[in-house]
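Residue strings, one per chain:
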Amino acid sequence: MTATVEKNDNFYKRLIQVMLPIVASGVIASSLSLLDNLMVGSLGETALSGVGLAGQLGFFEWMVVFGFCSGCSTFYAQFWGPRDLAGIRKTIGINWCFTVPVGTLFTLMAVFCPRLIMGLLTNIPEMVETGSVYLRYVCVNFIAVGFCQPLYMSLKATQQTKIPLMISSSSFIIDVVLNYMLIFGNLGCPALGVKGAAIATGAARGYEIVMLIIVVFVRQNILAAPLKEFFSFDKSFARRVLKNTKSTTINESLWGFATLTYSAIYGRLDISSYAAYQACSAIMDVFVQAGFACGDASLIFVGEALGKNEKEEARKISARLLKTGLIVSVTVAVIIMAVGPFMLQLFALTEEGMAKAKLVMLVRALGVPFNVLIAVFISGIFRSGGDTRFAAITEISTMYLIGIPCVYVAGLVIGLPVHWVIVCSYIENIVKLTICFNRYRSGKWLNNMIENM
């Protein structure tokens, strides 16, 4: 009994050591987004709505990139079990072969057809104009995501979570300072408004590229090696990685597109409704990082155990992480309901926009436990064991067959207020969580993906 308690204590100690930097990194990134929204929001609801909607293209790209990286993370985590650094490096190389071209494509789209993109997301001319300006000047952000995310994911999987934290912290400071200078024309700079916000964000992402190169390659991190070693994989190795990444990439890409569709529906309601939605999203993202970090931790710890072929231990670890995710998410939801309405006062919303935002905040806070548990199951537990096909089918089928139709009918057919449209979207989450729980109990996700590689 004492040995079990001691083992649990050691596990939770390791969990905290890994999760805290992930949470801190996520909080810093989302705080950056919050400050961006606050500064842009001071220019009015139209600026807040236009920039927020334009940012959905970046979110969509991030989901496509994250999908491929997440499939690779199964191998990062499992290769880390036996400390196979050569396997990790070759996986990073495969990762870059996909994510860098994707980042380049999105950069070109932002530069050459921003109005077309914004026209697909909203039919409100003021939001199209504002969002187009933002996209054109934030374009470097897209290529930065394609280069940086494979390194961030591999650093987390090898439990070097302090490095992403350090880089995101300094990037946060740079972005805030440049926003202050370029949006409002402080410290001798021109007042560029929305254009200034985009330039500041792009510059901060460029800084992340430089810092990762220095920290990983110049300072000879354990991941460092001659570039040719990253691309020394053979067809057999690539085929096994790509088989796993296919499901996660399709999963996250279609999930991201569905989220983009949700935004397009909200963007067609009215400016104040989308401004309320955007303000609440910026605030909530700061708080929910602790919950979503449980998903990252699930992939890391469960994947490590499966890489060592310790399936029973992997099951026990997953159960602890589900419990942790539930406790953390409920706590976060309560905090959001308590402090969210006060934080909304920081935004320059109209009286109508503020009334809508308070209702949206309440409704979205109630949905946090559903979102976190789904993330632990799909992005963590199932992917740690390579059960990516089931995760993809579950994620996509519920969004496209339940979520989008419910939101479309509620928002654009019936014309319900924005907070009730969000309530209707939760039907999808209830169904999805039920399916995930049944799959988890079956144990079909307990697979060693690197055996005989």
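Quick caveat: nothing in here was measured; it's all calculated off a predicted structure. Along each chain, the written sequence defines residue order, and numbers are assigned to residues from 1. Local features in this predicted model are restricted to residues of pLDDT 70 or higher, and side-chain atom pairs are both shown and tallied only at a pLDDT of 80 or more, whereas totals for entire chains, interfaces and linings draw on every residue. Each side-chain value is derived from all of the structure's non-hydrogen atoms; neither hydrogens nor water enter the calculation.

1. A closer look at the packing of helix 3 (residues 85-112) against helix 6 (residues 140-157)
Then, number 1: To get an axis, a line is fitted to the C-alpha atoms, and for a helix only the part in contact is used. The angle between two axes follows their N-to-C directions and goes from 0 to 180 degrees. Secondary structure elements follow DSSP: runs of H or I of four or more residues count as helices, runs of E of two or more count as strands, with numbering from the N terminus. Packing of helix 3 against helix 6 leaves a shortest axis separation of 6 Å and a crossing angle of 160°. Viewed along their axes, helix 3 and helix 6 adopt a mutual orientation that is roughly antiparallel. Where helix 3 crosses over helix 6, the two elements pack in a sense that is right-handed. Between helix 3 and helix 6, the residues in contact are Ile88, Ile92, Asn95, Trp96, Thr99, Val100, Gly103, Thr104, Phe106, Thr107 and Ala110 and Phe142, Ile143, Gly146, Phe147, Pro150, Leu151 and Ser154, respectively.
Then, number 2: For the contact of helix 3 with helix 6, a count of residues per class yields 11 nonpolar, seven polar and no charged. In these notes the angle categories are as follows: under 35 degrees is roughly parallel, over 145 is roughly antiparallel, 65 to 115 is roughly perpendicular, and the rest is oblique. Helix crossings get a hand from a simple test, with the near helix turned counterclockwise from the far one by less than a right angle marking a left-handed crossing and a clockwise turn marking a right-handed one. Whether two residues touch is decided by their heavy atoms; if any such pair falls within 4.5 Å, the residues are in contact. Put simply, Ala, Val, Leu, Ile, Met, Phe, Trp, Tyr, Cys and Pro go in the nonpolar bin, Asp, Glu, Lys and Arg in the charged bin, and everything else, Gly too, in the polar bin.

2. Quick notes on helix 11 (residues 271-287)
Then, number 1: The end-to-end C-alpha distance of helix 11 is 25 Å, a good match for the 24 Å that 17 residues give at a rise of 1.5 Å each.
Then, number 2: Counting buried positions along helix 11 gives 15 out of 17 residues, so the element sits mostly inside the fold. Expected span of a helix: the number of residues minus one, times 1.5 Å. Only protein chains enter the accessibility calculation, which uses a 1.4 Å probe; a residue is then buried when its area is under 20% of its type maximum, exposed when over 50%, and partly exposed in between.

3. Topic: the packing of aromatic side chains
Then, number 1: Ring pairs shown here join Phe, Tyr and Trp side chains whose ring centres sit within 6.5 Å, with only the six-membered ring taken for Trp; geometry is labelled stacked below 30 degrees between planes, edge-to-face above 60, and tilted in between. One pass over the structure, following the stated rule, counts 19 aromatic pairs.
Then, number 2: Ring plane angle 25° and centroid distance 5.8 Å describe the contact between phenylalanine 377 and phenylalanine 382, whose orientation is recorded as stacked.
Then, number 3: By relative accessible area, which is 0% here, phenylalanine 382 ends up buried.
Then, number 4: Grouped by ring-pair contacts, the aromatic residues Trp96, Phe147, Phe217, Phe230 and Phe231 constitute a single cluster.
Then, number 5: Sitting over a ring, as applied to charges here, requires NZ of Lys or CZ of Arg to be within 6 Å of the ring centre and within 35 degrees of the ring normal. The ring centre of tryptophan 80 lies 4.0 Å from the NZ or CZ of arginine 83, which sits over that ring.
Then, number 6: A cation over an aromatic ring shows up here: lysine 90 above the ring of phenylalanine 237, its NZ or CZ 4.9 Å from the ring centre.

4. Considering the confidence of the model for the protein chain
Then, number 1: Note on scores: pLDDT gives the predictor's confidence for each residue, bounded by 0 and 100. For the protein chain, per-residue confidence averages 86 on the pLDDT scale, and residues scoring 70 or more make up 97% of the total.
Then, number 2: When mean pLDDT is compared element by element in the protein chain, helix 3 scores highest at 93, while helix 1 (residues 2-41) scores lowest at 70.

5. Quick word on the side chain of threonine 107
Then, number 1: Locating threonine 107 in the fold gives a position in helix 3.
Then, number 2: On the accessibility criterion, threonine 107 (15% relative accessible area) is buried.
Then, number 3: Sequence-distant contacts of threonine 107, that is, excluding residues within four places in its chain, are made with Cys139, Phe142 and Ile143.

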